[in-house]
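Fold and geometry: a report
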Amino acid sequence: MEKHHKFSIWYTLLGIWLVLILHNLLFSALAIRTIPYSEFLQLLKENNVTEVAITANQIQGKIKSNSATPGQGELFRTVRVDPELSKLLEEYNVTFKGEIESTFFKNLFSWLLPIIVFVGIWYFLMKRMTSQQPGFMMLGKNKAKIYMQDELDVTFEDVAGVDESKQELMEVIDFLKEPEKFTGLGGKMPKGVLLVGPPGTGKTLLAKAVAGESQVPFFSLSGSEFVEMFVGLGAARVRDLFIQAKQKAPCIIFIDELDALGKARGFGTMGGHDEREQTLNQLLVEMDGFDPKVGVILMAATNRPEILDPALLRPGRFDRQILVDRPDKQGREEILKVHLRNIKYEETLDISQIAAMTPGMVGADLANLVNEAALLAVRRNKQKVSMAEFEEAVERIVAGLEKKNRLINPNERKIVAYHELGHAIVALSLPGTDPVQKISIIPRGIAALGYTMQRPTEDRYLMKKTELLNRIATLLGGRASEEIIFQDISTGAHNDLSKATDIARSMVKEYGMSSEVGQVYFAPEKKSPFLDLGRRNGGEYSEATAEIIDKEVKEIISNQYSRALEILRANKDIIEKGAALLLEKEKIEGEELRALMDKFSS
Ligand code: ADP
Ligand code: MG
Ligand code: ZN
């Protein structure tokens, strides 16, 4: 693009040069010699001039051709000096005529040429500017890429390992396919669907697949594109986008990386953020203003839902959130199969083995892995990709990811597996604890290497003392399990310990559940983010009481830890079985674990 314009500029310059040359030629080609007036008089007196044409200030003439003077028949020009010329001319028999000087062509040139040059320069500058900055001529027009239905060949087939998210999106597709049918039945569509999940899990891909599956136009743009340099343009862009989308309904508007636009307002308003705020406000206005019945679905993706402005998540806006989580082993196997479609590989390739080698990897990592393995095969002059290339590619990628702290080594995975089983088995053994939903050792972010999900069966407003104690025991189960299995403990429990301690402290200080301290209430410590004043008890209780509180908290914790140890020692073989299963599958459902427990404890 750039190169092309440089060429054009050279062409214009060449053109201008040619015009100038032509201009010169036109006047000089006639070979009119300019001579001094004295020479003209000389020629005249020598009777060497045949004819002249006289204008107000110059004389053009022709030298006689039969004369002996040099330059015979030549045209000449001179500046007129003598006003009484006609007498002289008559005297020497020269035909003469007066002429009104025609300045038409001269004027034309002197006007036209600069105009042509300026128009030319302006034209090329404009062209350059618009080519470098699309939207220069149409400020405020949105830059959304519109993919028409036939350009989108992404379908649900191309997205694997996120079955739950796909399931939830099916409803959106059904709606887009037949909006009338849907609304006719009284169904109410969500206005906005927010895809939430770690980077590279396929959120953008899923949004495209929804458009591909439902065969509707897809307006796609990223949040940062909204935020413009010129104030007011982002808002104009949003308005324009919605107008366009309504004309094309049913269709999808997809805002990728919504967090760039939708960061909570009011933080760090040191100027310069107003533009983003205006744009966000406009988006909120548009979202409120449109009726989902017209068939426009707003989709967005983010990997940082926690920083989004709460207004975006209110009912009637992005009221449906879909989690696109890291894939488990089964999911990774399916994703690998998707990407292996375009690649020749040996039949002996063990895809499930590759999936087992890549815990913690997301779709983008796996796509990269397949690509890397294929490149290795090419470098080795192989016809087909084999396991050897995949092993090497995994090593390379893992080395890269380990730096980012996202993968855990096999040893750590084992510790995490036993730790999580500790939580789960204590929870399952104690009555009144929330049932275990699932256990997972798929690392999420940096903080949590694994998790045990418990879901309460009902909303709770009151907790009994025994329930709180059971909860503490469950929290301590992770560390207890590590101690039993490895005779060593890890730092992985620090979050559990903090939660358990909080509960115990509240029991003693706020709920009056300790006989030593009694039925008294001490306000919880207020933490100031700026001042570290050490231990504060706000003067509410004496140092002696503080000591008793500490002792009581410690006692609760250590009693519950002993309980957890006891439970787990009695169920050691279940821990072993469960951990093996978890290490293999990375995720077990609560049902499976209960079945395992029933089988072994009876
Ligand atoms: P995100 O938007 O969540 O950051 P993308 O959708 O941009 O991730 O994914 C990047 C690439 O990784 C995709 O183009 C695709 O090749 C691959 N990919 C990611 N997730 C999946 C998946 N679930 N199934 C198949 N391929 C995936
Ligand atoms: Mg994306
Ligand atoms: Zn834990």
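Note: the structure precedes this text.
Okay, so let's go over this structure. Keep in mind that what you see is a predicted model, and the values were worked out from it rather than measured.

1. What about unusual backbone geometry?
In this structure, glutamine 215 takes a positive phi of about 60° despite not being glycine. Tracing the backbone shows glutamine 215 in the loop between α7 (203-214) and β8 (218-222). Of note in this structure, glutamine 487 is not a glycine but carries a positive phi near 50°. In this structure glutamine 487 comes out as exposed when scored by relative accessible area, which is 62%.

2. Focus: the packing of aromatic side chains
On inspection of all chains with the given rule, the structure shows six aromatic pairs. For the ring pair tyrosine 37 and phenylalanine 40, a centre distance of 5.7 Å and an interplane angle of 45° mean the geometry is tilted. Here the residue tyrosine 37 and the residue phenylalanine 40 both occupy positions in helix α2 (residues 37-45), the gap between them amounting to three residues, near one helical turn. Note on accessibility: tyrosine 37 and phenylalanine 40 belong to one class, buried. With 5.7 Å between their ring centres and 40° between their planes, phenylalanine 40 and phenylalanine 76 make a pair best called tilted. Placement of the pair is phenylalanine 40 in helix α2 and phenylalanine 76 in strand β4 (residues 75-79), with a sequence separation of 36 residues.

3. Focus: the site of ligand 1
Around ligand 1 lies a shell of 15 residues, among which Ala160, Gly200, Lys203, Thr204 and His339 are the nearest. At 3.4 Å, a backbone N or O of alanine 364 approaches an oxygen atom of ligand 1. If ligand 1 stood free it would expose 560 Å²; the protein chains cover 77% of that surface. Looking at the shell around ligand 1, the elements that each hand over two or more residues are α7, α12 (329-340) and α14 (363-379). Here the residues of the shell around ligand 1 sort into seven nonpolar, six polar and two charged. There are two domains that each give the shell around ligand 1 at least three residues, and those are domain 1 (145-323) and domain 2 (329-399).

4. Points about helix α9 (residues 233-248)
Across its 16 residues, α9 extends 22 Å between first and last C-alpha, which sits within 8% of the 22 Å expected from 1.5 Å per residue. Along α9, the residues classified as buried are Leu233, Gly234, Ala235, Arg237, Val238, Asp240, Leu241, Phe242 and Ala245.

5. Thoughts on the coordination of the zinc ion (ligand 3)
The coordination sphere of the zinc ion (ligand 3), as far as protein atoms go, consists of His419 (NE2), His423 (NE2) and Asp496 (OD), spread over 2.0 to 2.1 Å. In the primary sequence, the donor residues of the zinc ion (ligand 3) line up as H-x3-H-x72-D. Within this pair, whereas histidine 419 is found in helix α16 (residues 410-429), its partner aspartate 496 is found in helix α18 (residues 494-509), the two being separated by 77 residues in sequence. Judged by relative accessible area, which is 10%, aspartate 496 ranks as buried.

6. What to know about the side chain of arginine 326
Mapped onto the elements of the fold, arginine 326 is located in the loop between β11 (320-323) and α12. One buried charged side chain, arginine 326, makes no salt bridge at all; its nearest oppositely charged neighbour is aspartate 365, positioned 5.6 Å away. Within the structure, the side chain of arginine 326 is placed 3.2 Å from the backbone oxygen of glycine 360, a separation counted as a polar contact.

Scoring rules and cut-offs
Residues numbered from 1 in each chain as written. Chains lettered and ligands numbered in written order. Predicted model: local features only at pLDDT ≥ 70, side-chain atom pairs only at ≥ 80, totals over all residues. Heavy atoms only, no water. Helix = DSSP H or I, 4+ residues; strand = E, 2+ residues; numbered from the N terminus. Buried < 20%, exposed > 50% of the residue type's maximum accessible area, 1.4 Å probe, protein only. Phe/Tyr/Trp six-rings, centres within 6.5 Å; stacked < 30°, edge-to-face > 60°. Near = heavy atom within 4 Å. Polar contact = N/O pair within 3.5 Å; in protein donor to acceptor, adjacent residues only side chain to side chain. Areas by Shrake-Rupley, 256 points an atom, 1.4 Å probe, with all protein chains shown as cover. Nonpolar A, V, L, I, M, F, W, Y, C, P; charged D, E, K, R; others polar. Domains from an automatic or database assignment. Expected span 1.5 Å × (residues − 1). Donors = N, O, S within 2.8 Å, 3.2 Å for Na, K, Ca; no water. Lys, Arg positive; Asp, Glu negative; His and termini not counted. Salt bridge = Lys/Arg side-chain N within 4 Å of Asp/Glu carboxyl O.

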